[in-house]
Structures are given as structure tokens and as C-alpha cells.
Amino acid sequence: MMARRSEPEPKPFFWVLLDESPQKTRPVFHEKFEGWTGRLVWEIEVLSDYLYVGSGNLDLVRLPDGREQARYAFARRDGQLVIPATSIKGAVRAVFEAITNSCVSQRNRRERPLSTAHMACGLVRKGKEEKARLCPACRVFGTTGYRGRVHFSDAVPVGEVRTETIKIADLWPPRQVRKARKFYQTKAFQKQDLHPRKNTRFLEVVPKGSRFRTTLYFENLSGAEMGALMRALGLGLHSSKPNTIVYAFPLKLGGAKPRCLGSVRFHPRGVFIQTSPSTDADDLWQRFLQSAPGGVKNLLLQWLQSEALLDEEAWHQFRAEAQPQTDEACPREVY
Ligand SMILES: [Zn+2]
């Protein structure tokens, strides 16, 4: 039976309005060596009660009452829990798109906005590269016919990460279409008992505090692109102390976001900058291993202070609305 309430529970998402047309310019092609090339190591910490990244598979779990129950399994590679790189890239790209007024990529087609100006950037045809014009997100993350200049590795557990089984009510995402991008918030999960029931499903999840490690590879990025990318990973500058880096907001990863799963924080753990072009693979890795002078913090500061790609209004709105509200309950049922 559905819980009856005098008023509906507050919805756990917000919208970032689509405003002006994206600024499209010529992408950087890969043969050049300019700007920032290197890699950043991140630790992903689960901030919400649970994280669920689906594998697309079902497995069987034994419930406390002894019964076997089918559940949606967490993603694995070679038997090890993993957050696939595509999930990470998708989550970071969605924030990047919102805070740089970029197009809404094909990935989000299901919730495509009613704004032709924000339709995904067009195909880049071979031989017509000079004519290609792409929005900031497509220039950095890629689009049809243009390989992006950033990618992530699959994230693997740091230390021991154990999974648990939870039950949630089925998700009926509201099919609202509007000139806006939708983002889920961080609220408290309302735990359900583990008795099978109609219109519910079981998920294999990892709990709050679990940690994973991923590497972000970047190639020929400008300072402004690095700045927007660091923000899209949830970093920002303190509002009154401009030389202090802060965690601006959590990101949302994986599935069951309408049940407030999947809030994570990205902690920067190391940076390696390539200082000159090289075609020799061994040499390249040698150069990568020269850690940047001044360490991670100085570089992050330098990038974050480069705000040329930032849509100030969208950034401030995002920062305000994506703040965790863990004293508020996430809806348990259809909303
Ligand atoms: Zn685009």
C-alpha cells in the first residue's frame, strides 16, 4: 500500500534553465601539443547512504528469511567491484555542460530539452575540420566524429569495499520536458524492509564511506577548460577566501538517483603533467611521472582561477542547489 500523506514529499531534484545559445568554436585537434596534458588521480568517496552502479545483470541473494531473491547486481570487472569510466565521464560531463552553457548531449536524449539551440553539436566530417564548431563540452568530452580530450579509467575499490542489499520502490521518473537540465539532490535514503513486494526491486549497493580510485587523463586542455573541468568534479574556490579550494558540491553517480543514491565526492590525490611532446611511449611515461612543481594544490588553484568558460549564473545556482540536504528525507514512493 502506498503511504498516504497530507502533502507530497519534496522532490529530490532541481532544474538549471537553458538560456542563451552555447558559444561554439573550433575544436583543438590532437596533433598539436599545447596547453595542459597529463593525468590526475582521484579518490571517489560515497557521501550518500548508498551508491548503486548497475552491471545490467541480475544475481541471486539470500534474504534474512532464508528466501532467495533476484537483485540488480553492482558492476564488476574480473570479479572486482568497479565504477565504469563511462558512468564517471557521464556524470562529470553533465555538470560541465550545465556550468559552461554547453549543448545537451545525446546521452541525455530521454530528457532532451525543448531548446533547439541546445541540441547536441553536429557531426564533424573528415576533411571539413576547419568548419567544425563545437560547444565547450563537446570540445572537451567529444562528440560524433570528434574524439574528446579527457577520459577516465574504471574506478576500483580502495581498501575493502563490501556490498549490501537494499529494497526500493520502482522508479517512475517524471516525464517533464522543459527548457532546463535536471539534477538530483543529496537527501537521506528512507530504508525499507527486505520483504519482497509488488513494484519494488532489490539492488546490490555499496554504503556511505566506500572509496574508489580513478585516473583522469587530459590532453591539450586550455587553462579555462581545466578550470571548468575541476568545477565539474565538484571543486571550487572559497567565496570570501579566493586562494582556498573547497568542495563545492557532491556529484551524482550511477542509478536510483530519484531515491537519492549516488552522491559522491572527488578528492584529488595526485597530478602528473607532461612537459613536452613525445612520440616515444616510454619517454612519455617518464615525463608523466615528473610530478608538477608545487604539487596538486597550486595547479588546482591556477586552473580554478581561470573562469573564462564559466557561466557565472549557472555555476552559482548549481552550487546553491546541489548542497547536501541530509536532514531531509528522500521520497520512498512514486512522486
Ligand atoms: Zn556540444
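Residues numbered from 1 in each chain as written. Predicted model: local features only at pLDDT ≥ 70, side-chain atom pairs only at ≥ 80, totals over all residues. Heavy atoms only, no water.

Novice: I keep staring at helix α6 (residues 312-321) and nothing clicks. Help me out?
Specialist: A turn of α-helix holds 3.6 residues, and therefore any two residues three or four places apart point the same way. Looking at α6, one finds that the buried residues are A314, W315, F318 and R319. Along the long axis of α6, the arc covered by the buried residues comes to 130°, so they all point the same way. Away from its buried face by more than 90 degrees, α6 exposes E313 and A320. (Buried < 20%, exposed > 50% of the residue type's maximum accessible area, 1.4 Å probe, protein only. Helix = DSSP H or I, 4+ residues; strand = E, 2+ residues; numbered from the N terminus. Arc of directions from axis to C-beta.)

Novice: Got a minute to help me understand the pattern of salt bridges in this structure?
Specialist: Enumeration over the complete set of coordinates arrives at 19 salt bridges. Measuring nitrogen to oxygen at the nearest pair gives 3.7 Å for the salt bridge that ties R213 to E43. Of this pair, R213 sits in strand β16 (residues 211-221) while E43 sits in strand β2 (residues 36-46); the two residues are 170 residues apart in sequence, bridging distant segments of the chain. Under the relative-accessibility criterion, R213 is labelled partly exposed at 38%. Here E160 ties to R162 by a salt bridge, and the two come within 3.4 Å at their closest N and O atoms. When sorted by exposure, E160 lands in the same class as R162, which is exposed. (Salt bridge = Lys/Arg side-chain N within 4 Å of Asp/Glu carboxyl O.)

Novice: Explain the coordination of the zinc ion here, please?
Specialist: Here the zinc ion is held by the protein donor atoms C103 (SG), C121 (SG), C135 (SG) and C138 (SG), which lie 2.2 to 2.4 Å from it. In this structure, the zinc ion is surrounded by 4 donor atoms whose angles at the metal cover 102 to 117°, and the resulting shape is tetrahedral. Expressed as a motif, the donor residue spacing for the zinc ion is C-x17-C-x13-C-x2-C. Taken as a pair, C103 in the loop between α1 (85-99) and α2 (136-141) and C121 in the loop between α1 and α2 lie far apart in primary sequence, 18 residues in all. Residue class for C103 comes out buried when judged on its relative accessible area of 0%. (Donors = N, O, S within 2.8 Å, 3.2 Å for Na, K, Ca; no water. Tetrahedral: all angles 85-135°; square planar, octahedral: opposite > 155°, others 65-115°.)

Novice: In this structure, what is going on with the packing of aromatic side chains? I would like to understand it.
Specialist: Aromatic rings in a pair are described by how distant their centres are and how their planes are angled relative to each other. Applying the stated criterion to the full structure yields 13 aromatic pairs. Here the aromatic rings of F14 and F183 are separated by 5.8 Å at their centres, their planes lie at 25°, and the arrangement is stacked. Taken as a pair, F14 in strand β1 (residues 13-17) and F183 in strand β13 (residues 180-184) lie far apart in primary sequence, 169 residues in all. F183 sits in the buried class, given a relative accessible area of 11%. Grouped by ring-pair contacts, the aromatic residues F14, F183, F249, W315 and F318 constitute a single cluster. Lying over the aromatic face of F272, R39 brings its terminal NZ or CZ to 4.2 Å of the ring centre. (Phe/Tyr/Trp six-rings, centres within 6.5 Å; stacked < 30°, edge-to-face > 60°. Lys NZ or Arg CZ within 6 Å of the ring centre and 35° of its normal.)

Novice: Even after reading the chapter, I still don't get the environment of V95, so can you show me in this structure?
Specialist: Along the chain, the position of V95 falls in helix α1. Judged by relative accessible area, which is 4%, V95 ranks as buried. Separated by 223 residues in sequence, V95 and F318 have C-alpha atoms that sit 8.6 Å apart.

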